[in-house]
Amino acid sequence: GRQRKTTILKKQENASSNDDTIDGQPNQPGALKSTSKRIAMHLNGRGESKIRKGYPWVFRDDIAKQNRDGSPGDVVVIFDRNDKFLALGLFCEGTGIIVRILSLEKAPVNGQWLADRAVEAAMKRIKYFKDPSVTNAYRVINGENDGMGGLVCDRYNSTIVFKLYTGAWLPYLDGIVDELMRAMPETDHAVLLFSRSVQNLDEDTRMGMKHSQTLRGRFAIEGSENGSLSPKIRFVENSIRFQCDPYKGQKTGFF
């Protein structure tokens, strides 16, 4: 993709691994669909050093131990070699990346918290594109750069397109879609795309969702997701007119 793998994560004070309010409150589910499970994971020296430097991923050989097996989307509480709090992330089994870091600070990670972060990312862009006759297409969520590693979202006119590079976002996706469309009332259509690695996950792990699926909007009635219709969406960028195919185009259709 065109984005650089950077991080907006901030350093935080350490906390003991026996802290049962690691996310600011006991394990309470969010207002939106969420998983309340937590995995306690300890990193080895190399993994710890990488995270302290802002690296956004944890690989299997960075892990010293963890308290249980995980499922995509489980929240991971990461500790250093001295049993001190290091980071929070989402479990991503199914790819080479095991955890995608969300925060180096304690946070109430649940469906609502993640949806709020998505809206925060969107608002950073919306303020620059107030005239839709000039530009109505832009990157809404930029993965690791917005602290949402493995999730990309682009807007094309009234359509928003989500591309997932990990199944970790699937348990939270409905809430994120609803909150983003509420924040961008001019949007009325949402499309879901998967990277090749997510397409290869089993159906249960994918929660029954499919690549090139319509999540919201009119094309759900017309059946675009099964290939019978592939609509071209017209949009403008800096007053130049374009069109894209959100189901079969490059990346998310254009960007």
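Residues numbered from 1 in each chain as written. Predicted model: local features only at pLDDT ≥ 70, side-chain atom pairs only at ≥ 80, totals over all residues. Heavy atoms only, no water.

## Here we look at the pairing of strand β4 (residues 75-79)
Item 1. The element β4 is extensively covered by neighbouring structure, given that 5 of its 5 residues are classed as buried.
Item 2. Burial of the side chains of β4 extends over both faces: Val75, Val77 and Phe79 are buried on one face and Val76 and Ile78 on the other.
Item 3. Of the pairings in the sheet, the one linking β4 to strand β5 (residues 85-91) comprises 5 bridges and is antiparallel in character. Each bridged residue has a counterpart across the sheet, and for Val77 the counterpart in β5 is Leu88. (Buried < 20%, exposed > 50% of the residue type's maximum accessible area, 1.4 Å probe, protein only. Helix = DSSP H or I, 4+ residues; strand = E, 2+ residues; numbered from the N terminus. Pairing = 2+ DSSP bridges.)

## Digging into the confidence of the model for the protein chain
Item 1. Put simply, the protein chain has an average pLDDT of 84, and 81% of its residues get 70 or more.
Item 2. Overall, residues 220-228 carries pLDDT values under 50, and its contacts beyond four positions in sequence, including any with other chains, amount to 16 contacts. (pLDDT = per-residue confidence, 0-100. Contact = heavy atoms within 4.5 Å.)

## Thoughts on the pattern of salt bridges
Once their charged atoms are close, side chains differing in charge can pair, the charge on each being opposite to the other.
Item 1. Tallied over the full model, the rule gives 14 salt bridges.
Item 2. For Asp146, the salt bridge goes to Arg125, with nearest N and O atoms at 2.9 Å. Residue Asp146 is found in the loop between β7 (137-142) and β8 (151-156), and its partner Arg125 is found in helix α2 (residues 111-126); the two are separated by 21 residues along the sequence. Accessibility assignment for this pair places Asp146 and Arg125 in one class, buried.
Item 3. As a salt-bridge pair, Asp154 and Arg139 come within 2.3 Å of each other at their nearest N and O atoms. On the criterion of sequence distance, the pair formed by Asp154 in strand β8 and Arg139 in strand β7 is long-range, its members being 15 residues apart.
Item 4. Under the relative-accessibility criterion, Arg139 is labelled buried at 10%.
Item 5. One continuous salt-bridge network, built from bridges that share partners, spans Arg46, Lys50, Asp61 and Asp62. (Salt bridge = Lys/Arg side-chain N within 4 Å of Asp/Glu carboxyl O.)

## Focus on the packing of α2 against helix α3 (residues 173-183)
The angle between the axes and the distance between the axes are what describe a pair of packed helices.
Item 1. In contact at an axis separation of 9 Å, α2 and α3 are set at 35° when each is read in the N-to-C sense. Crossing of α2 against α3: the hand is right-handed. Residue-level contacts link Gln112, Leu114, Ala115, Ala118, Val119, Ala122 and Ile126 of α2 to Gly175, Ile176, Glu179, Leu180 and Ala183 of α3.
Item 2. Across the contact of α2 with α3, the residue classes tally to 9 nonpolar, 2 polar and 1 charged. (Axes fitted to C-alpha atoms, helices over the stretch in contact; angles between N-to-C directions. Left-handed = near helix turned anticlockwise from the far one by under 90°. Nonpolar A, V, L, I, M, F, W, Y, C, P; charged D, E, K, R; others polar.)

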